[in-house]
Amino acid sequence: MPRLPSRTRLAVAGVALAAAVAGAALWRSRSLQSVAPGAFAGRNLLFVTIDTLRPDRLGSYGSKAGLTPHLDRLASEGVRFEHALAHVPLTLPAHTSIFTSLHPTEHGVHDNGTFRVRASLPTLATTLQGAGYQTGAFVGSFVLDARFGLNRGFDVYDDFYGEKRGVLSFAQLERRADAIVASAERWIGEARAPWFAWVHLFDPHAPYRPPPELARKFPNDLYGAEVAFVDATLGELLDKLSTSGRLRETIVVVLGDHGESLGEHGERTHGTFAYESTLRVPWILWADGLRPQVFSETVRHVDVMPTLLDLMSLPLPAPIAGQSLRPYLTGELRYEAPASYFEALNPHLTRDWAPLTGVVHEGHKLIRLPTPELYDLALDPMEKENLYRQKTGLARRLTETLDGISAGADAVAAAPPDRETLEKLRALGYLTAPVESRKGEYDETDDPKSLIDVANAYDEATELFGEGRVEEAVAIFEDIVRRQPRSSEAHQSLAYALHQTGRVAEAVALLEDAVRRGLSDTALLGLLSAYLLDVGELEKAVGILEALVQREPDYAEGHNYLGIAYGRLGRFADARRELERVLELDPSSASAYNNLGSLALSQGKLDEAVSHLNRALAIDPADSTALNGLGFAHARAGDMPKAIDYWRRAVESDPQQFDALFNLALALADASPREAVPYLDRFAREAPPQRYGADIERAKAMLRTFGS
Ligand SMILES: [Zn+2]
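Everything in this summary refers to the structure shown in the same document. (Residues numbered from 1 in each chain as written. Predicted model: local features only at pLDDT ≥ 70, side-chain atom pairs only at ≥ 80, totals over all residues. Heavy atoms only, no water.)

What to know about the overall build of the chain
And step 1. Looking only at helices and strands, one finds 30 helices and twelve strands in the chain.
And step 2. Of the roughly 28800 Å² that the chain leaves accessible, carbon and sulfur atoms contribute 52%. (Helix = DSSP H or I, 4+ residues; strand = E, 2+ residues; numbered from the N terminus. Areas by Shrake-Rupley, 256 points an atom, 1.4 Å probe, with all protein chains shown as cover.)

As structure tokens, this is what we get:
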């Protein structure tokens, strides 16, 4: 039942809204009551981010395909922001802006994978935790792994999606929406109010592989089918919360982190350009008592946190870049869309292409590149007509605005080639002369618009690799390396493809050559170190890694590799220190527990090993490395039946777990050669000879003996 608004409030609203459209008065007067400051204090917060979500797949944003009935209902009962913008079309930087209300120029996270959110930055999670909320995060992709720093402020950070690989991998490590929502639902069921649950659903991200029934239902739009799956999954959660009466006590946010190009402007996925296809995102805000409305002005990711904290009557951390939209939703203040900064720097950081930055303001978008662009977003939402040379005054104003936002920001650099690291690399024989690996000055040939075919070639090669068409993928990567000798990413991709197909020495040689020519960013050096460990070049790996973690003390993967290297060199105390550092940075690193376990095994500390390996197994019950290690520990302790059981589980969980396969075959051979034969046979046929040459010979010899 709407209560009558107080007179003073009405008067204030009347003044502020003088220019607003007629006919909104009734809603407005009611809304003043329902969205007064403090109206939602103490409510729970269900915060859903959907990865790679284009507004045009939602019915509430105009789709006719019927993909999103649940989100549409939520939108019709809540606030739907028609023109919400991301600041970066990439997952980790976008989420960092959402949760800190800072631009990437301020929070410093410009790319996935190699940046970590600074521990000094307050986030929505730290703020709500500080206000007494129980906090839980349920994330769907490795890109948001705890090691990248968004885990601060969460009592529970569920990023368990199987074994984590820190090195470059083409396989997107992800968990399906239903698994994440189930985990979130369990936590919500036990949480005491007020709680804050962040649910991150990664499904619409490429590759588009929806569940079969949805693929059949929407055969011409597999991307849309993934969106439909996410909608159905969320619908169940919302229904359950509604049935149990908890929805009324909960503010619900559904927000895209960035969009997807789907071929627009020649871009296949996202991250290279910053057109509306990847910057514009859906944003739905729902709360019982909040007036349903469509807010059509431009709003930004940085506005999300201040709006929520304002609604919940909690103080804002300072400084922030966004503003609360509450007074505009109530009509207390008249909205004037502020400038919205954006950037897409991944190609600059990883391939040395021209940096892309820009700003949306005054209804227009300015993109700063060697060939600059200016679009009228109202008249030309598809951004087809570049007005940069026509609207020179506006272009100048927006350039000044962009300069103003970027002013004072730290220069964005791909792992600065600091003197110490270079010295260390030189000492290791990598640098014969100082080389400038980055161009620094960029022209039209470095403009992403001229290079989009290269960006698409990466996507294509990645897809081919995923389909097992390895040689075709390698050929494409080789071509990219030839065309882009300054691209760290090209070298890493090719090296990874070579390594995965057993050409480990070639992978090492390729990366070493890149380092000699001056590439020294963290991701490339990290990958080289990992492969040096593979080929047994321990001292060399240690040399690089020590320099790396000195330069970047929060680089979890570097500490992990260093721990492995020290362990193999018998420097157990050093190894342990490094691996414990990994767990400080990433408490759910199954890999670190596995390595601590194998370290304990190599020192003969069986109980300690079993304890570490069980921790790894608790994080990932299918972790075949942990299962193999547990088999080994029990064999050492003389409990062969138990050892055999673990090795069987390891092989079932991962047919490529050849260490366990060989261990299992040997153990069985002792008791019953006949049982061992099929395992020996499989090992001899399938294990990669580069790594298991001697073991394969031994298996063959045993097979001959058993055969006779
Ligand atoms: Zn994303």
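There is more to say, and it comes next.
Some words on the sheet that holds strand β5 (residues 195-201)
And step 1. Strand order in the open sheet formed by eight strands is β4-β3-β5-β1-β6-β7-β2-β8, and the pairing between neighbours is mixed. Looking at the sheet topology across the chains shown, the edges are occupied by β4 (156-158) and β8 (293-300). Geometrically, the sheet is characterised by an average inter-axis angle of 15° between neighbouring strands, direction not taken into account.
And step 2. One ladder, built from five bridges, connects strand β2 (residues 79-85) with strand β7 (residues 280-286); its direction is antiparallel. (Pairing = 2+ DSSP bridges. Axes fitted to C-alpha atoms, helices over the stretch in contact; angles between N-to-C directions.)

Description of the pattern of salt bridges
And step 1. Tallying each qualifying case throughout the model produces 49 salt bridges.
And step 2. One salt bridge in this structure joins D56 and R57, with 3.1 Å as the shortest N-O distance.
And step 3. On the accessibility criterion, D56 (33% relative accessible area) is partly exposed.
And step 4. In this structure, the salt-bridge partner of R80 is E82, at a minimum N-O distance of 2.5 Å.
And step 5. Assessed through its relative accessible area of 11%, R80 is described here as buried.
And step 6. Exposure remark for E82: the relative accessible area of 25% places this residue in the partly exposed category.
And step 7. Counted as one network, the salt bridges with shared partners bring together R54, D56, R57, D221 and E264. (Salt bridge = Lys/Arg side-chain N within 4 Å of Asp/Glu carboxyl O. Buried < 20%, exposed > 50% of the residue type's maximum accessible area, 1.4 Å probe, protein only.)

Some details on the coordination of the zinc ion
And step 1. Taken together, the protein donors to the zinc ion comprise D51 (OD), T91 (OG1), D257 (OD) and H258 (NE2), at separations of 2.0 to 2.1 Å.
And step 2. Here the zinc ion binds four donor atoms, and the angle range of 102 to 117° at the metal identifies the geometry as tetrahedral.
And step 3. Counting along the primary sequence, the residues that act as donors to the zinc ion give the motif D-x39-T-x165-D-H. You can see T91 sitting in helix α4 (residues 91-100) and its partner H258 sitting in the loop between β6 (250-256) and α10 (276-279), a full 167 residues away along the chain. Like T91, the residue H258 is buried in the burial classification. (Donors = N, O, S within 2.8 Å, 3.2 Å for Na, K, Ca; no water. Tetrahedral: all angles 85-135°; square planar, octahedral: opposite > 155°, others 65-115°.)

Notes on unusual backbone geometry
And step 1. A cis amide bond links A193 to the next residue, P194, at an omega of -5°.
And step 2. Along the chain, P194 turns up in the loop between α7 (177-190) and β5.
And step 3. Geometrically, the link from A206 to P207 is a cis peptide bond, its omega value of 0° lying close to zero.
And step 4. Positioned with a positive phi, S313 is a non-glycine residue whose angle comes to about 60°.
And step 5. Looking at the secondary structure, you find S313 in the loop between α11 (304-311) and α12 (326-330).

Here's the deal with the pairing of β2
And step 1. For β2, the tally of buried residues reaches six of seven residues, placing the bulk of the element in the interior.
And step 2. Where β2 lies against β8, six bridges are found, and the strand directions are parallel. Looking across to β8, one finds that L85 is bridged to R300.

Quick notes on helix α28 (residues 658-671)
And step 1. Over its 14 residues, α28 extends 20 Å from the first C-alpha to the last, a length consistent with the 20 Å expected when each residue adds 1.5 Å.
And step 2. Counting buried residues in α28 gives ten out of 14 residues, a clear majority hidden from the surface.
And step 3. Taken as a whole, α28 has its buried residues at F658, A660, L661, F662, N663, L664, A665, A667, L668 and A669.
And step 4. Against the buried residues of α28 lie α26 (624-636), α27 (640-653), α29 (673-686) and α30 (689-707). (Expected span 1.5 Å × (residues − 1). Contact = heavy atoms within 4.5 Å.)

Some thoughts on the side chain of N663
And step 1. Among the structural elements, N663 can be located in helix α28.
And step 2. Setting aside chain neighbours within four positions, we find N663 in contact with N628 and W647.

So, the packing of aromatic side chains
Two aromatic rings, taken as a pair, are described by how far apart their centres are and by the angle between their planes.
And step 1. Tallied over the full model, the rule gives 21 aromatic pairs.
And step 2. Between F47 and F196 the ring centres are 6.4 Å apart and the planes differ by 85°, which places this aromatic pair in the edge-to-face class. With F47 in strand β1 (residues 44-50) and F196 in strand β5, this pair connects stretches of sequence that are 149 residues apart. You'll find F47 and F196 in the same group, each marked buried.
And step 3. Centroid distance Y275 to Y375: 6.1 Å. Interplanar angle 70°. Geometry classified as edge-to-face. (Phe/Tyr/Trp six-rings, centres within 6.5 Å; stacked < 30°, edge-to-face > 60°.)

A closer look at the packing of helix α20 (residues 522-534) against helix α21 (residues 538-551)
And step 1. In the contact formed by α20 and α21, the axes pass within 9 Å of each other and the chain directions differ by 150°. Accordingly, the angle class assigned to the pair α20 and α21 is roughly antiparallel. As α20 runs across α21, the sense of the crossing is left-handed. Residues T522, L525, G526, L528, S529, L532 and L533 of α20 form the contact with α21, whose participating residues are L538, K540, A541, I544, L545, L548 and R551.
And step 2. Classifying every residue of the contact of α20 with α21 gives nine nonpolar, three polar and two charged. (Parallel < 35°, antiparallel > 145°, perpendicular 65-115°, else oblique. Left-handed = near helix turned anticlockwise from the far one by under 90°. Nonpolar A, V, L, I, M, F, W, Y, C, P; charged D, E, K, R; others polar.)

Description of the environment of A590
And step 1. The topology assignment puts A590 in helix α24 (residues 590-602).
And step 2. Discounting chain neighbours no more than four positions away, the residues touching A590 are A616, I619 and D623.

Details of the sheet that holds strand β12 (residues 373-376)
And step 1. In spatial order, the strands read β9-β10-β11-β12; together these four strands make up an open sheet with antiparallel pairing. Either end of the sheet is taken by a strand with one partner, and the two such strands are β9 (340-344) and β12. On average, each strand axis in the sheet is tilted by 15° relative to the strand beside it, whichever way the strands run.
And step 2. Where β9 meets strand β10 (residues 356-361), five bridges bridge the pair, whose relative direction is antiparallel. Bridge pairing links E343 to T357 in β10.
And step 3. Contacting β9, β10, β11 (364-368) and β12, helix α14 (residues 392-406) crosses the sheet at an angle of about 65° to β11.

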